[in-house]
Amino acid sequence: MTQELTTSLQADTARPSGGSGWWRDAVIYQVYVRSFADSDGDGIGDLRGARERLPHLAGLGADAVWLTPFYASPQADGGYDVADYRAVDPLFGTLADADDLVRTAHELGLRVIVDVVPNHTSDRHPWFRAALTGRPGGPDRARYHFRPGRGAGGELPPNDWESVFGGPAWTRTTGPDGAPGEWYLHLFAPEQPDLNWDCSEVREEFDSVLRFWLDLGVDGFRIDVAHGMVKAAGMPDIGRTEQAKLIGSQVLPFFDQDGVHEIHRSWRRLLDSYPGDRIGVAEAWAPSPERLALYVRPDELHQAFNFQFLKSPWDAAAMRTVIDESLAATASVGAPTTWVLSNHDVVRHPTRYADGSPARGLRRARAAALLTLALPGSVYLYQGEELGLPEVVDLPDACRQDPAFFRTSAEGQDGQDGQDGFRDGCRVPLPWSRSGASYGFGPGGSWLPQPAAWAGLSVEAQTGDPGSTLELYRSALALRRELPGLGDSGMTWLDAPAGVLALARPGFVCTLNTLGEEVELPVPGRALLSSAPLAYRAATVRIPPDCCAWWAI
Ligand code: GLC
């Protein structure tokens, strides 16, 4: 079909750039430290390994790296259970390694964002150990949420809240004499007790933790569960099961309470008191784009992950709606939008988009990358997406580590075309080379088995192959830097046939065919890059199924 691709404006989402911070259009590469690169051969990625591989990020064209937690932790939830916020876990190296990594990144022109986990500590944190031996109502318990149980003997949890990982959000303590005692709240695993943010000591401690890492030179923080620190007064029952899902959008008395914003405001003041543009990015699960935008008001955090887009199906109309809503919501507060396709908590997008065909999944993933990199705002890349890595869907249960796996039956999990909805399949260590015990991940093995087919997806195998996903990302990121119209400026939609998205930015057009058949369009301009080969006929171009193309106009 041939259709007019006119430049008439539809919904004009153009907006002024409203500021010049580096983060407004940054490409930020997420390193899941445990699975990125292993320097010592124990099969677990570490900070030295990550530092040695930073040139890959710089060569890719990323502006910054976000490192997932590498702090001292019993690893009940991949390090999101922190026992000492100022120490590096020996699994991942030393504080000197963290320091080296930050310096090397800066030398390479990369900024560094680290995770901070303020909603909960590890159950091995000295505060929680003191709380367990402390008396009910005493100061040691005031830093957490301890409550007597309900029922005649206190044998029932204080309310009906459920853990995101399954089962009740409360665990009963046992006194030194073996008698059952109070219950404590944990929205995630029992090894992750929730902190009480009404306690001033908690606030002071986190200010000090942020300063510790800022003084070491980090450029910002990814704030874990930024929507969870404040719970509704009185902790009311919810009255139903199936409450919170990972990255969910339900309205709940333990998420997205108005009180969290005051904490983020105080952190913004702290960040602003440091030289350079230090940023905070919220991992917040909000019920709507409007609620999410509250986290990025001018006096709050700089960015929030846009999970609404991540959850959008492969459908042009649905994608356009989410893009419009996301841009409008963030524009209303003058913040940039972020675009995220994958992270360490979700099924990798080539698999999400596959609809039963891995080849289709990869086609769509490549196209989606070009779409998101063409949109206004900042883009988060999850390690390995530049290689087109799929989710690993046949992991043996014996090697799984996701705490949700141990607390939930596979039934009822939303598999989203992954193995079963658990999170190990997106955390398999990266392949760097065609051969070697762990395809170059490290000198030893790998904590999760890598599929043999990943030899062909390794950085080594894809480098220099013009048809590879890695070279597509490299070209796209280079163009994104070069073209003044990309990054943090406005965009307009162009008229396009059903199933096709066409958007214009200054001097630039992006066309995405989401259909399973090719579409023929008037040639929009000079072809810059496309996720699949294009075919021309006179003044028209045929865009293959599930393909995105960039044009200079
Ligand atoms: C965030 C992290 C996730 C972790 C959870 C609890 O959602 O991304 O990996 O399990 O917080 O800290």
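Residues numbered from 1 in each chain as written. Predicted model: local features only at pLDDT ≥ 70, side-chain atom pairs only at ≥ 80, totals over all residues. Heavy atoms only, no water.

### Considerations on the overall build of the chain
In plain terms, the rule: Strands are runs of DSSP state E lasting at least 2 residues, helices are runs of H or I lasting at least 4, and numbering of each runs from the N terminus. Two residues qualify as a contact provided that any one of their heavy atoms is within 4.5 Å of a heavy atom in the partner residue. With residues, only the protein chains shown are counted as cover, and all accessible areas are computed by Shrake-Rupley using a 1.4 Å probe.
For the chain, the count of helices and strands is 14 helices and 21 strands. Dimensions of the chain along its principal axes, counting C-alpha atoms only, are 85 × 50 × 50 Å. Once local pairs closer than 6 in sequence are excluded, the contacts in the chain between residues at least 24 apart make up 68%. Accessible surface, the chain: about 19,700 Å² in total, of which carbon and sulfur atoms supply 52%.

### A look at the sheet that holds strand β19 (residues 535–537)
The test is simple: Whether two strands pair comes down to DSSP finding at least two bridges between them. With axes taken as lines fitted to C-alpha atoms, and helix axes fitted only over the stretch in contact, angles between N-to-C directions fall between 0 and 180 degrees.
The strand order β17-β20-β19 describes an open sheet built from 3 strands, whose pairing is antiparallel. The strands lining the two open edges of the sheet, one partner per strand, are β17 (519–522) and β19. On average, each strand axis in the sheet is tilted by 30 degrees relative to the strand beside it, whichever way the strands run. Relative to strand β20 (residues 540–543), β17 runs antiparallel, the two being bridged by 4 bridges. Bridging across to β20, Leu-521 finds its partner in Val-541.

### Here we look at the packing of helix α11 (residues 358–374) against helix α14 (residues 469–482)
The condition that has to hold: When an angle is under 35 degrees it counts as roughly parallel; over 145 it counts as roughly antiparallel; between 65 and 115 it counts as roughly perpendicular; any other value is oblique. Note that Gly is not counted as nonpolar here; it falls among the polar residues with everything else outside the nonpolar set of Ala, Val, Leu, Ile, Met, Phe, Trp, Tyr, Cys and Pro and the charged set of Asp, Glu, Lys and Arg.
It is at 10 Å that the axes of α11 and α14 come closest, and there the two elements cross at 10 degrees. Relative to α14, the element α11 is oriented roughly parallel. Contact with α11, carried on its side by Leu-362, Arg-366, Ala-369, Leu-370 and Leu-373, involves Thr-469, Leu-472, Tyr-473, Ala-476, Leu-477 and Arg-480 of α14 and no other residues of that element. Looking at side-chain class alone, the contact of α11 with α14 contains 8 nonpolar, 1 polar and 2 charged residues.

### As for the pairing of strand β9 (residues 220–223)
Note the threshold: Each residue gets one of three labels from its accessible area relative to the maximum for its type: buried under 20%, exposed over 50%, partly exposed in between, using a 1.4 Å probe on protein chains only. A right-handed crossover is one whose linking path, passing over the helix from the first strand to the second, runs clockwise when the strands point away from the viewer.
Neither face of β9 is open: one carries Gly-220 and Arg-222, the other Phe-221 and Ile-223, and all of them are buried. In this sheet, strand β10 (residues 279–282) lies alongside β9 in parallel orientation, the contact comprising 4 bridges. Within the sheet, the bridge partner assigned to Arg-222 lies in β10 and is Val-281. In this view, the connection linking β9 to its parallel neighbour β10 by way of helix α6 (residues 260–272) has right-handed handedness.

### A short note on the site of the ligand
Condition: For each residue, the test is whether any non-hydrogen atom lies within 4 Å of the molecule or strand; if one does, the residue is near. Whenever a nitrogen or oxygen atom comes within 3.5 Å of another N or O atom, the pair is scored as a polar contact, on the condition that within protein one atom can donate a hydrogen and the other can accept it, and that pairs from neighbouring residues in sequence are kept only if both atoms are in side chains.
Asp-77, Arg-222, Asp-224, Glu-283 and Asp-345 are the nearest of the 15 residues found near the ligand. Asp-224 places a polar side-chain atom, nitrogen or oxygen, 2.8 Å from an oxygen atom of the ligand. In the environment of the ligand, an oxygen atom lies 2.6 Å from a nitrogen or oxygen atom belonging to the side chain of Glu-283. Burial of the ligand by the protein amounts to 100% of the accessible area it has alone, namely 310 Å².

### Description of the domain arrangement of the chain
Put simply, the test is: Domain start and stop points were drawn from an automatic or database domain assignment. By buried area we mean the combined loss of accessible area, with a 1.4 Å probe, across both parts when two parts are placed together. Salt bridges, as used here, are contacts in which a Lys or Arg side-chain nitrogen is within 4 Å of a carboxyl oxygen on Asp or Glu.
The domains assigned to the chain are domain 1 (126–185) and domain 2 (399–425). Together, the buried faces of domain 1 and domain 2 total about 350 Å²; carbon and sulfur atoms form 50% of this surface. Counting the surface domain 1 buries against domain 2, the share from its top three residues, Phe-165, Gly-166 and Pro-168, is 94%. For the pair domain 1 and domain 2, the interface holds 0 salt bridges.

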